[in-house]
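What follows is each chain in one-letter form.
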Amino acid sequence: MLQIIDNALEAVRMDPDQGEVMYQTLYVTYFSPKKLPNREAMLVELDRLGYPMSMRSYHNYLNMAIHAIDRILWGYTARDCMELIKQFLP
């Protein structure tokens, strides 16, 4: 399972537009062995890594990254079929 997550993180990183910043945001927030105490510390760490950003930008990148890794791990199937599934559920 950890290998699947690592592969998904690397796939996020390969996005040609914002991949590296999304990867770093996810990594610092959830996967770094050094657990940071709050969002401000995460912003400092991202700045140290070369990704300075505001809190608003941080949350925007984090949301984009979560959405990207969600698509990679779980695929489009559930979202694409939601209307069809609703027809069969009470």
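Quick caveat, the model's predicted, so the values are computed rather than measured. (Residues numbered from 1 in each chain as written. Predicted model: local features only at pLDDT ≥ 70, side-chain atom pairs only at ≥ 80, totals over all residues. Heavy atoms only, no water.)

J.: Got a minute to help me understand the packing of aromatic side chains in this structure?
T.: Inspection of every chain in the model, using the stated rule, returns two aromatic pairs. With 6.5 Å between their ring centres and 75° between their planes, tyrosine 30 and phenylalanine 31 make a pair best called edge-to-face. With relative accessibility at 41%, the residue tyrosine 30 sits in the partly exposed group. Taking the ring centre of tyrosine 23 as reference, the NZ or CZ of arginine 13 above it sits at 3.9 Å. (Phe/Tyr/Trp six-rings, centres within 6.5 Å; stacked < 30°, edge-to-face > 60°. Buried < 20%, exposed > 50% of the residue type's maximum accessible area, 1.4 Å probe, protein only. Lys NZ or Arg CZ within 6 Å of the ring centre and 35° of its normal.)

J.: Sorry, what's going on with the packing of helix α1 (residues 2-13) against helix α4 (residues 55-74) here?
T.: Two measures define how a pair of helices packs: the angle their axes make with one another and the distance between the axes. It is at 9 Å that the axes of α1 and α4 come closest, and there the two elements cross at 130°. One element, α1, and the other, α4, form an angle in the oblique class. Of the two possible hands of crossing, α1 and α4 adopt the one that is right-handed. Where α1 abuts α4, its residues Ile4, Ala8, Leu9, Ala11 and Val12 lie against Ala68, Ile69, Ile72 and Leu73. (Axes fitted to C-alpha atoms, helices over the stretch in contact; angles between N-to-C directions. Helix = DSSP H or I, 4+ residues; strand = E, 2+ residues; numbered from the N terminus. Parallel < 35°, antiparallel > 145°, perpendicular 65-115°, else oblique. Left-handed = near helix turned anticlockwise from the far one by under 90°. Contact = heavy atoms within 4.5 Å.)

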